[in-house]
Amino acid sequence: MNRIINNIDTFSFVYNKGMSSLFFPKDRIYSGKKIKRITFFGSVDCYCDMRAFPVLHKSFYSSLYVQLFDTDRNRIFKDLPCAELMNGVNLNIEVNRTLNYDLSCVEVRGDMSALTDGVNYSVMCAIEYDEQVVSVSEPKNCYTVTIPTTAGKTFYPFKDSDIVSLNEFVIKRIAVRGNSDFFLTLRDRGGHLINQAPGSMFVPQKYSENLLLPNVRLDIDKCYLEMPYSANDNIILEFYY
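What counts, and where the lines are drawn
- Residues numbered from 1 in each chain as written.
- Predicted model: local features only at pLDDT ≥ 70, side-chain atom pairs only at ≥ 80, totals over all residues.
- Heavy atoms only, no water.
- Helix = DSSP H or I, 4+ residues; strand = E, 2+ residues; numbered from the N terminus.
- Rg over C-alpha atoms; globule rule 2.2 N^0.38 Å.
- Buried < 20%, exposed > 50% of the residue type's maximum accessible area, 1.4 Å probe, protein only.
- Contact = heavy atoms within 4.5 Å.
- Areas by Shrake-Rupley, 256 points an atom, 1.4 Å probe, with all protein chains shown as cover.
- Core = buried A, V, L, I, M, F, W, Y, C linked by side-chain atoms within 4.5 Å.
- Salt bridge = Lys/Arg side-chain N within 4 Å of Asp/Glu carboxyl O.
- Pairing = 2+ DSSP bridges.
- Disulfide = S-S within 2.5 Å.

Draft legend 1. Structural context of the overall build of the protein. From N to C terminus, the protein includes zero helices and 16 strands. Against the compact-globule benchmark of 18 Å for 241 residues, the protein has a radius of gyration of 18 Å, which places it among compact chains. With the principal axes as the frame, the protein shows a C-alpha extent of 50 × 40 × 30 Å. Every one of the 241 residues in the protein was classed for burial, and the buried ones make up 51%. Of all intrachain contacts in the protein linking residues separated by at least 6 positions in sequence, the fraction that spans at least 24 positions is 78%. In the form shown here, the protein has an accessible surface area of approximately 11000 Å², with 45% of it arising from carbon and sulfur atoms.

Draft legend 2. Region of interest: the nonpolar core. Counting 73 residues, the largest nonpolar core has Phe-24, Phe-40, Val-66, Phe-158 and Phe-202 as its most contacted members. The dominant element in this core, judged by the number of residues it contributes, is strand 8 (residues 121–129), at seven residues. If we ignore the near neighbours within four places in the chain, the residues touching Phe-40 are Phe-13, Tyr-61, Val-66, Cys-82, Leu-85, Met-86, Asn-87, Val-106, Val-123, Met-124 and Cys-125.

Draft legend 3. The arrangement of the pattern of salt bridges in detail. Within this structure, the stated rule accounts for 16 salt bridges. Note that Asp-102 and Lys-26 form a salt bridge whose closest N and O atoms lie 2.3 Å from each other. Residue Asp-102 is found in the loop between strand 6 (75–81) and strand 7 (105–108), and its partner Lys-26 is found in the loop between strand 3 (21–23) and strand 4 (35–41); the two are separated by 76 residues along the sequence. The residue Arg-173 makes a salt bridge to Glu-138 at a minimum N-O spacing of 3.5 Å. Residue Arg-173 is located in strand 11 (residues 173–178), and its partner Glu-138 is located in the loop between strand 8 and strand 9 (142–147); the two are separated by 35 residues in the primary sequence. Owing to a relative accessible area of 43%, Glu-138 belongs among the partly exposed residues under this scheme. Salt bridges linked by common partners bring Arg-3, Lys-36, Arg-37, Glu-94, Glu-128 and Glu-131 together as one network.

Draft legend 4. A look at the pairing of strand 2 (residues 8–15). With seven of its eight residues buried, strand 2 lies for the most part within the structure. Bridge count between strand 2 and strand 8: eight bridges; the pairing is antiparallel. Bridging across to strand 8, Ser-12 finds its partner in Met-124. Where strand 2 lies against strand 13 (residues 193–198), two bridges are found, and the strand directions are parallel. Each residue of the ladder has a partner; that of Ile-8, found in strand 13, is Ile-194.

Draft legend 5. Geometry of the state of the cysteines. Enumeration according to the criterion identifies zero disulfides in this entry. No disulfide involves Cys-48; its sulfur sits 9.3 Å from the nearest other cysteine sulfur, which is in Cys-46. You can call Cys-48 buried: its relative accessible area is 9%. Sulfur of Cys-105: no disulfide; nearest cysteine sulfur belongs to Cys-82 and is 9.8 Å away.

Encoded structure:
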């Protein structure tokens, strides 16, 4: 099954053992915009977040509950387990409201005793916003890019790779092959933004949905991928157009 993503902002709650509430940040790009969907990621999706904090294993997300309120202080979600909003769970739970970020939060209620005291853990979350209805046909062509990683380097701008010709293509899908331990940021010339999306989101057949992009023309100068730690393993991206 295919699903189109328009705009995503990915961030990481920092969780320390003993904390009871995690409030959604209000200073992100989605602030003031209509939220479409919220997705959480476990350590199977990303071993570490962007700052190299370990991401919680999916088993802990059943101890986390989402409380969401809109700007009129109406409750949207009450005690919704984060486990039901995890990447790969085949539930279509949509928000479709603008949120009140003073009230909206994740509450910690279950047993977290297995975690280590004093360690910064990550509760990773992606918010889809400003969705527009777009028709995307199945792409017929593929342009494959191999980005060699280097020890000591964690930031890889697209403009430093030999992929300038992507400027001319209307990109409809991206597939990741092999190493997916990175975060991908894409901007297009029409204003769409994929901000720090985990590479694992774009691994074909990994989840129940394959993601399509809304016919984007990439702004190569503003696209990049970043890793929480350096590696010596090539990253292979397939751009379908």
